[in-house]
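Each chain is listed here by its residues.
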Amino acid sequence: MKRILVTGALGQIGSELVPALREKHGSDNVVASDIRMPARRQERQAPFEYVDCTARRMIDEVVRKYEIGTIYHLASLLSAVAEEKPHVAWDVNMGGLYRVLEVARENGCAVFFPSSIGAFGASTPKDGTPQDTLQRPTTMYGVTKVAGELLCDYYHGRFGVDTRGLRYPGLISHVAPPGGGTTDYAVEIFYEAIRNRRYTCFLGADTRLDMMYMPDAIKAAIDLMEADPERLVHRNAFNVTAVNFTPEQLAAEIGKHIPEFTIAYDVDPVRQAIADSWPNSLDDSAAREEWGWDPKYDLATLVADMLENLERKLARG
Ligand code: NAD
Ligand code: AKB
């Protein structure tokens, strides 16, 4: 088989996508890459390459060396970091995607591009946000996500590159920490609940957003890339969602397991403004119809699994 390349592989998603792909296709067939080096010796044994996605030559060399057939392009700056460094975010998020698409065009690779609820803005319908709707985001992150979706569609229509993408909501996981997004509170809260029995949230109590547990997010990416292309109408990018809650509701669910847990609020105006510009909830019926999207985790099962796994991880030190 043609091999798989994952860019930004040491981040929150890549840390779980790479093992899932290796389990499915064999370790040697999945090449992890990043601009950081893996920490553990075990991770160094499997194929790993230093690839800066803004350097076309580096992507090209690795794609040719390993005869790559599919690129999961995860390298990106997330919403809060992108707002701090908008120029860098444009270079990495747009420049990186453009170069990945160019290499894919020349080498006949398929490309997975993760978009986000950040691709929507304040003028988008907020509840049950449709698949096809107004997209006028007010953040640099959102601008790069909308432009990225369009660029991927362009490369499919104009050059026949097999591009596919998802609009992920906030992702919750216990393997790698989140990389500087607006939804990071929904991961931090678990660490603080276990360590200190309290958490001070940077978003307001009633901030409602869609979220998803990482196993569902990984399955979504792999299922979409394996879906029958004849059935895909949207390609870039499908709304996907699994759970929907406010910080207050998440804290209450954690409280069922840790009764002494308390939450307080110290709102960060920058991240609050970003969250307020995003949808309250997405309509993911196109993903369900076109490639069978069907998440497994709801709020109760997600919280129980997160606490169990994180307690074990933190106990190991
Ligand atoms: P992350 O910040 O955890 O990881 C990104 C990785 O990219 C990091 O390991 C970083 O070192 C690497 N990177 C940064 N600049 C690079 C460069 N120039 N070249 C190569 N690698 C570089 O991000 P993540 O949460 O794993 O997200 C991956 C993708 O999914 C991003 O496109 C993100 O926008 C998207 N997404 C994530 C979420 C989420 O909640 N995690 C939600 C929606 C969309
Ligand atoms: C972020 O908050 O930036 C990400 C996302 C929803 O895209 N988690």
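Residues numbered from 1 in each chain as written. Chains lettered and ligands numbered in written order. Predicted model: local features only at pLDDT ≥ 70, side-chain atom pairs only at ≥ 80, totals over all residues. Heavy atoms only, no water.

- Within an unreviewed UniProt entry, the label attached to the chain reads L-threonine 3-dehydrogenase, and the organism entered is Candidatus Kutchimonas denitrificans.
- Turning to the chain, the UniProt record has this under Sequence similarities (unreviewed entry): "Belongs to the NAD(P)-dependent epimerase/dehydratase family." (UniProt positions renumbered as here; feature names shortened; annotations may be inferred.)

## Digging into empty space enclosed by the protein
By rolling a water-sized probe across the atoms, one finds the places where empty space is left.
So, point 1. Under the criterion given, the structure shown has two cavities of 30 Å³ or more.
So, point 2. Size it by volume and the largest cavity reaches roughly 70 Å³.
So, point 3. Lining the largest cavity are His73, Leu74, Ala75, Ser76, Asn93, Phe113, Pro114, Thr144 and Lys145.
So, point 4. Those elements that provide at least two residues to the lining of the largest cavity are strand S5 (110-116) and helix H6 (140-159).
So, point 5. For the lining of the largest cavity, the per-class residue count stands at four nonpolar, four polar and one charged.
So, point 6. For the second largest cavity, the calculated volume is near 50 Å³.
So, point 7. Residue lining of the second largest cavity: Asp216, Lys219, Ala220, Asp223, Trp291, Gly292, Trp293, Asp294 and Pro295, and that is the complete set.
So, point 8. Element by element, the count of residues in the lining of the second largest cavity is highest for helix H8 (residues 214-226), at four residues.
So, point 9. When grouped by side-chain class, the residues that make up the lining of the second largest cavity number four nonpolar, one polar and four charged. (1 Å grid on protein atoms, 1.4 Å probe; cavity = no way out; pocket = protein on both sides within 12 Å on 5 of 7 lines; lining within 4 Å. Points joined across faces, edges and corners; volume = space filled by probe spheres on them. Helix = DSSP H or I, 4+ residues; strand = E, 2+ residues; numbered from the N terminus. Nonpolar A, V, L, I, M, F, W, Y, C, P; charged D, E, K, R; others polar.)

## Points about the packing of helix H5 (residues 86-107) against H6
To describe two helices that pack against each other, one gives the angle between their axes and the distance between the axes.
So, point 1. At a closest axis distance of 10 Å, the pairing of H5 and H6 adopts a crossing angle of 15°. Here H5 lies roughly parallel to H6, going by the angle between them. For the pair H5 and H6, the sense of crossing is right-handed. Facing H5, whose interface residues are Pro86, Ala89, Trp90, Asn93, Met94, Leu97, Tyr98, Leu101, Glu102 and Arg105, H6 presents Met140, Tyr141, Val143, Thr144, Ala147, Gly148, Leu151, Cys152, Tyr155 and Phe159.
So, point 2. A per-class count over the contact of H5 with H6 returns 15 nonpolar, three polar and two charged. (Axes fitted to C-alpha atoms, helices over the stretch in contact; angles between N-to-C directions. Parallel < 35°, antiparallel > 145°, perpendicular 65-115°, else oblique. Left-handed = near helix turned anticlockwise from the far one by under 90°. Contact = heavy atoms within 4.5 Å.)

## Quick look at the layout of surface pockets
So, point 1. Taken as a whole, the largest pocket holds about 870 Å³ of empty space.
So, point 2. What lines the largest pocket is a set of 40 residues, among which Leu74, Ser76, Leu77, Leu78 and Gly179 lie closest to the centre.
So, point 3. Looking at the lining of the largest pocket, the elements with two or more residues in it are helix H4 (79-84), S5, H6 and strand S7 (170-172).
So, point 4. Take the lining of the largest pocket: its biggest share by element is three residues, from S5.
So, point 5. Looking at the lining of the largest pocket residue by residue, the classes come out as 21 nonpolar, 14 polar and five charged.

## Observations regarding the site of ligand 2
So, point 1. Lining the immediate environment of ligand 2, one finds Leu78, Ser79, Ser116, Ile117, Tyr141, Pro169, Gly170, Gly181, Thr182, Thr183 and Trp278.
So, point 2. For ligand 2, an oxygen atom lies 2.7 Å from a polar atom in the backbone of Thr182.
So, point 3. Its residues assigned to classes, the shell around ligand 2 comprises five nonpolar, six polar and no charged. (Near = heavy atom within 4 Å. Polar contact = N/O pair within 3.5 Å; in protein donor to acceptor, adjacent residues only side chain to side chain.)

## Focus: the domain arrangement of the chain
So, point 1. As far as domains go, the chain holds domain 1 (3-170 + 212-239) and domain 2 (172-210 + 243-278 + 297-316).
So, point 2. Across the boundary between the two partners, domain 1 contributes 25 residues, which contact 26 residues of domain 2.
So, point 3. Between domain 1 and domain 2 lies a buried interface of about 2,000 Å² when both sides are counted; carbon and sulfur atoms form 59% of it.
So, point 4. Three residues, Gln12, Ile117 and Tyr213, lead the burial of domain 1 against domain 2; their summed loss comes to 33% of the area buried on that side.
So, point 5. Connecting domain 1 to domain 2 are zero salt bridges.
So, point 6. In this structure, the connection of domain 1 to domain 2 is made through 13 residue pairs in polar contact (both at pLDDT 80 or more). (Domains from an automatic or database assignment. Buried area = accessible area lost by both parts, 1.4 Å probe. Salt bridge = Lys/Arg side-chain N within 4 Å of Asp/Glu carboxyl O.)

## Digging into the sheet that holds strand S3 (residues 48-50)
So, point 1. Judged by pairing direction, the sheet is parallel, and its seven strands sit side by side in the order S3-S2-S1-S4-S5-S6-S10 without closing on themselves. Each edge of the open sheet is held by one strand with a lone partner, namely S3 and strand S10 (238-239).
So, point 2. Judged from the three bridges that link them, strand S2 (residues 30-34) and S3 form a sheet pairing that is parallel. Residue pairing across strands places Ala32 opposite Phe48, the latter belonging to S3. (Pairing = 2+ DSSP bridges.)

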